[in-house]
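Listed below are the residues making up each chain.
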Amino acid sequence: MTPSLFLDANATTPCCPAARAAALRLMEQCFGNPSSSHSEGLRARHELERARRAARQAIGAGTGRCIFTSGATEAIHTAVFSALLSLRQRREAGQAIAPLLLVGATEHKAVLQAVSHWNEALGLNLEVRLLPVDAQGRHELARLREWLPQTALLCTMAANNETGVISDIAGIEAVLRAAQSPALWLVDSVQALGKLALNLDATRIDYASFSGHKLYAPKGVGLLYVREGSPYHPLMVGGGQESEQRSGTENLPGIAGFGAVFEALNEGRLFASADRLEGYRRDLVAALNEAFPGLEFNAPLDLCLPTTLNFALPGASSKQLMNLLDASGVQVSAGSACSAGKAAGSHVLDAMARPDWASRGAIRLSFGPMDEPEFIAQCCAALRRAGEVWARLSEDCKAAEAGAALLSPTEESAEDCIDLGWQDLAQHLRQQPETLLIDVREAYEQQAGLLPCALSELPQLHLPLSRFAQELTSRPELMQRPVLLLCRSGKRSREAALHLLALGHGAVWQLAGGLALCPRPQPA
């Protein structure tokens, strides 16, 4: 089985040892409710406030509110709700409010959708307008100056999750201060934590959101900063937790894990320096350029977080590159969303006026500030190996992409298409010893990675989905023996299995979840 190299840290990160230890300690040794007044409760309250003190120090928030939440999305919704409810209260009191809610064109969809949702739900019905960015991905300050007198709420992220572009927060603040604007200001700071210096007390920022799992803390915990004096209204009420600022029993193990990460930041341990991270980026850029000549980076590297690379390759789709890299053991993400099997352009890259091919074909590669030099070296080697496969088979890849929809639609039936779990594989093969394994991945995927040992001894046939229907007509023997279909995720193998069933094959199985769910070897 090809080793897995995780280069999607902007999506999530594993829990670091300190965070795991802190969370486990709280689950085993300090399980009290922080709202209880007995000894166990007091111990739990101490741990909660310890984490909060560490968070304040890490983000430079000696004053104001620091409220633990379930994640950045809740923090964003709470901030937007607080800002817009205060606007509605002012309007109901007969005060004039500005008519514009200004959201950066490259914001995370959580921000834009939260603004749109609460604007409608609270009956404000103000205009939601996108603040344009330039070709480098930074907000157009001239347009901000023009629209600021009409703006009630401004939302601009600290660093972009797709491209890594670092916003000119100082420039935006200068515009706000020069205009003496009363507009409330929300900064999504999820990607900034651990990568950029933060000192929120020294800024004009009213609200800042953070997420634990984007920086080695457990999932299910986040943080909202609210500047002292800025409007705040609880999104959830009922239990009075977080000093009546956010009801619901606190996720104390998650908070303790997040607190351990904040403490590591404050002590300057665990995380690589900016110079080392930039060195990692140089190595990865060199490997990518060598592996895929002609690729284009979608944002200027000198304006980006050193941990994020967004690129596209002319003539290659994001799906092709993701499949190739995944088969090579490199986990990345597409820079665009996928709908009904067709890549849609990235709203971030579209806002930057990147060409359509670059927006639709974008790949995001991101690593974390705890990654070691040996890991980056392994990633560079895997990228180069993937490039060698691509160079040999690129014409086949293009043909496969053109013929990817050759199978006729079939009606799925749970009774007919038999999903086989990995846990049942050995018993199934004993019962069906004549099974033929059909790998429906494309040629470049098949050549880029090895099959797991559990499958390597089976009789095998490589029959890419893009040529599956045509090949069947010349291979009638396939209809005479049991077959087991395989792909990366289980989606293509299921499609092929349904096609065989529609043709009357009576002994078809497909590995549910594909290679992605193959059991991993346990560490020694």
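Cut-off values and rules
Residues numbered from 1 in each chain as written. Predicted model: local features only at pLDDT ≥ 70, side-chain atom pairs only at ≥ 80, totals over all residues. Heavy atoms only, no water. Helix = DSSP H or I, 4+ residues; strand = E, 2+ residues; numbered from the N terminus. Contact = heavy atoms within 4.5 Å. Areas by Shrake-Rupley, 256 points an atom, 1.4 Å probe, with all protein chains shown as cover. Lys, Arg positive; Asp, Glu negative; His and termini not counted. Charge placed at Lys NZ, Arg CZ, Asp CG, Glu CD. Buried < 20%, exposed > 50% of the residue type's maximum accessible area, 1.4 Å probe, protein only. Pairing = 2+ DSSP bridges. Right-handed = clockwise from strand over helix to strand, strands pointing away. 1 Å grid on protein atoms, 1.4 Å probe; cavity = no way out; pocket = protein on both sides within 12 Å on 5 of 7 lines; lining within 4 Å. Points joined across faces, edges and corners; volume = space filled by probe spheres on them. Nonpolar A, V, L, I, M, F, W, Y, C, P; charged D, E, K, R; others polar. Polar contact = N/O pair within 3.5 Å; in protein donor to acceptor, adjacent residues only side chain to side chain. Salt bridge = Lys/Arg side-chain N within 4 Å of Asp/Glu carboxyl O. Axes fitted to C-alpha atoms, helices over the stretch in contact; angles between N-to-C directions. Phe/Tyr/Trp six-rings, centres within 6.5 Å; stacked < 30°, edge-to-face > 60°. Expected span 1.5 Å × (residues − 1).

### Quick notes on the overall build of the chain
Each helix and strand in the chain was counted, giving 18 helices and 20 strands. Expressed as a percentage of contacts within the chain between residues at least 6 apart in sequence, the contacts between residues at least 24 apart total 72%. Taken as a whole, the chain presents about 22600 Å² of accessible surface, with 51% of it coming from carbon and sulfur. Charge centroids of the chain, computed over 47 positive and 55 negative side chains, lie 4 Å from each other.

### With respect to the pairing of strand β6 (residues 184-188)
In the case of a regular strand, side chains alternate between the two sheet surfaces. Counted residue by residue, β6 has five buried out of five residues, so it is predominantly covered. Of the two faces of β6, the one holding Leu184, Leu186 and Asp188 and the one holding Trp185 and Val187 are both buried throughout. As judged from the three bridges shared by strand β5 (residues 151-155) and β6, these two strands associate in the parallel manner. Its bridge partner lying in β6, Cys155 is registered against Leu186. What joins β5 to β6 is helix α6 (residues 169-178), and the crossover it makes is right-handed. For β6 and strand β7 (residues 207-211), the ladder comprises three bridges, and the chain directions are parallel. Note on β7: the bridge partner recorded for Asp188 is Ser209.

### Concerning empty space enclosed by the protein
Taken as a whole, this structure holds two cavities of 30 Å³ or more when the rule is applied. The computed volume of the second largest cavity comes to approximately 30 Å³. If you trace the second largest cavity, you find it lined by Ile67, Thr69, Glu74, Thr78, Leu224, Tyr232, Leu235, Met236, Gln245 and Arg246. Of all the secondary-structure elements, those providing two or more residues to the lining of the second largest cavity are β2 (65-69) and α3 (72-92). For the lining of the second largest cavity, the per-class residue count stands at five nonpolar, three polar and two charged.

### Concerning the side chain of Glu250
Assignment of secondary structure puts Glu250 in the loop between α7 (241-244) and α8 (252-267). Side-chain polar atoms of Glu250 contact the backbone nitrogen of Glu242, separated by 3.3 Å.

### Topic: unusual backbone geometry
A positive phi angle, near 55°, is found at Asn125, a position not held by glycine. In this structure, Asn125 sits in the loop between α4 (109-121) and β4 (127-131).

### Observations concerning the pattern of salt bridges
Taken as a whole, this structure holds 25 salt bridges when the rule is applied. The shortest N-O distance in the salt bridge between Arg52 and Glu242 comes to 2.8 Å. Here Arg52 is found in helix α2 (residues 39-59), whereas its partner Glu242 is found in helix α7, with 190 residues between them in sequence. Of the two residues, Arg52 and Glu242, neither departs from the other in class, the shared state being buried. Glu471 is the partner of Arg475 in a salt bridge, and the nearest nitrogen-oxygen pair spans 3.6 Å.

### What to know about the sheet that holds strand β15 (residues 363-366)
An order of β9-β10-β15-β12 is seen for the four strands of this open sheet, with the pairing classed as antiparallel. This sheet does not close on itself; its edge strands, each paired only once, are β9 (296-297) and β12 (333-334). Summarising the sheet, β12 and β15 pair through two bridges and their orientation is antiparallel. Bridge pairing links Ala334 to Ile363 in β15. Here helix α9 (residues 274-291) sits on the sheet in contact with β9, β10 (308-312) and β15, set at roughly 15° to β10.

### Examining the packing of aromatic side chains
In this structure the tally under the stated criterion is six aromatic pairs. Judged by centre distance (5.8 Å) and plane angle (70°), the rings of Tyr280 and Phe367 are edge-to-face. Of the two residues, Tyr280 is situated in helix α9 and Phe367 in the loop between β15 and α13 (373-402); the sequence distance between them amounts to 87 residues. For the pair formed by Tyr280 and Phe367, the shared burial category is buried.

### Re helix α18 (residues 491-502)
Its 12 residues place the ends of α18 17 Å apart at the C-alpha level, agreeing with the 16 Å of an ideal helix rising 1.5 Å per residue. Residues Arg492, Ser493, Arg494, Ala496, Ala497, Leu498, His499 and Leu500 constitute the buried set of α18. Where α18 is buried, its residues touch α10 (318-327), β16 (418-420), α15 (443-448), α17 (468-473), β19 (483-486) and β20 (508-511).

### Observations regarding the sheet that holds β20
Pairing is parallel across the open sheet formed by five strands, whose spatial order is β16-β20-β19-β17-β18. Edge positions in the open sheet fall to β16 and β18 (460-462), since each of these has one partner strand only. Neighbour to neighbour, the strand axes of the sheet diverge by 30° on average, direction disregarded. For β16 and β20, the ladder comprises three bridges, and the chain directions are parallel. If you follow Ile418 over to β20, its bridge partner there is Trp509. α18 rests against β16, β19 and β20 of the sheet, and its axis sits at about 175° to β20.

These values are about where atoms sit, not about what they do.
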